[in-house]
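# Coordinate analysis (summary)
Chain by chain, the residues:
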Amino acid sequence: MKNILLILALVSVSLLNAQAFTGKGDQKFQVGANIQDEATGINVTYDYGLGENISVGISSSYALGIDDRLDADFGDRFDLRGRFSANLGNVLNIDDNFDLYPGLNISLKNFGGHLGARYFFSEGFGVFTEATFPLAKYSNDKSDAGYYIHNQFALNIGAVFNL
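Conventions used here
- Residues numbered from 1 in each chain as written.
- Predicted model: local features only at pLDDT ≥ 70, side-chain atom pairs only at ≥ 80, totals over all residues.
- Heavy atoms only, no water.
- Phe/Tyr/Trp six-rings, centres within 6.5 Å; stacked < 30°, edge-to-face > 60°.
- Helix = DSSP H or I, 4+ residues; strand = E, 2+ residues; numbered from the N terminus.
- Buried < 20%, exposed > 50% of the residue type's maximum accessible area, 1.4 Å probe, protein only.
- Core = buried A, V, L, I, M, F, W, Y, C linked by side-chain atoms within 4.5 Å.
- Patch = residues over 30% accessible without salt bridge, like charges linked within 9 Å, V, L, I, M, F, W, Y side chains within 5 Å.
- Areas by Shrake-Rupley, 256 points an atom, 1.4 Å probe, with all protein chains shown as cover.
- Salt bridge = Lys/Arg side-chain N within 4 Å of Asp/Glu carboxyl O.
- Contact = heavy atoms within 4.5 Å.
- Polar contact = N/O pair within 3.5 Å; in protein donor to acceptor, adjacent residues only side chain to side chain.

## Let's talk about the packing of aromatic side chains
Following the criterion strictly, the structure yields five aromatic pairs and no others. Measuring from ring centre to ring centre gives 5.6 Å for tyrosine 62 and phenylalanine 74, while their planes differ by 35°; the resulting arrangement is tilted. Note that tyrosine 62 is positioned in strand E3 (residues 54-66) and phenylalanine 74 in helix H2 (residues 74-77), a separation of 12 residues in sequence. Judged by relative accessible area, phenylalanine 74 falls into the exposed class, the value being 55%. Between tyrosine 119 and phenylalanine 121, the ring centres sit 5.4 Å apart and the planes meet at 70°, which makes this aromatic pair edge-to-face. Judged by relative accessible area, which is 31%, tyrosine 119 ranks as partly exposed. The class for phenylalanine 121 is partly exposed, based on a relative accessible area of 47%. A network of ring pairs unites the aromatic residues Tyr119, Phe121, Phe125 and Phe161 as a single cluster.

What follows is the structure, given as structure tokens:
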């Protein structure tokens, strides 16, 4: 009897209809690892759907492991970004659970872009990966540790949740 209940539970979970982006009012929360040359850390993101394929949000990263040659304080390790994304999952029509989202972000350290992908396993949980890159740096002061930490290509990977 326990095996039958387990099989039924697994089948019912696999039949859930998850959607990666539902449009206006859709809310996503992402938490994951931030991986780059000069540092590793954590990244958190909140996105809110404004329209069928448009979302805005906020993202923050904090560098935990810093290259030994850099002397970084809190201000150097922390970055906060406002972001705009074009959610293309339904345009590409690959899978209802998949979303590809290119976008732009403006932060305390630079103006940049991002390209990410989300895949949902259930109605509320999925995984994401996102590449971020600077397009314009606010400062070329190479004596500032933040210049090296936040002005380079970075990869974020982790979990995404529907709110």
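## Examining the nonpolar core
Ranked by size, the top nonpolar core spans seven residues in total: Ala39, Ala63, Ile66, Leu70, Ala72, Ala145 and Ile149. Contributing elements (two or more residues each) for this core: E3 and helix H4 (145-150). Residues Ala20, Tyr101, Phe120 and Val160 belong to the second largest nonpolar core, which totals five residues.

## Points about a nonpolar patch on the surface
Residues Ile35, Leu104, Ile106, Phe111, Leu115, Phe133, Leu135, Tyr138, Phe153, Leu155 and Ile157 make up a contiguous nonpolar surface patch of about 1000 Å² in total accessible area. Note that isoleucine 157 resides in strand E8 (residues 154-162). Given the relative accessible area of 44%, isoleucine 157 is considered partly exposed.

## Comments concerning the environment of aspartate 47
Residue position: aspartate 47 is located in strand E2 (residues 39-49). Measuring from C-alpha to C-alpha, the distance between aspartate 47 and asparagine 162 comes to 9.9 Å, with 115 residues separating the pair along the chain. Here aspartate 47 is in contact with Asp26, Gln27, Lys28, Ser55, Val56, Gly57, Arg83 and Arg118, once residues within four sequence places are set aside. Polar contacts involving the side chain of aspartate 47 include one to the side chain of arginine 118, which spans 2.6 Å.

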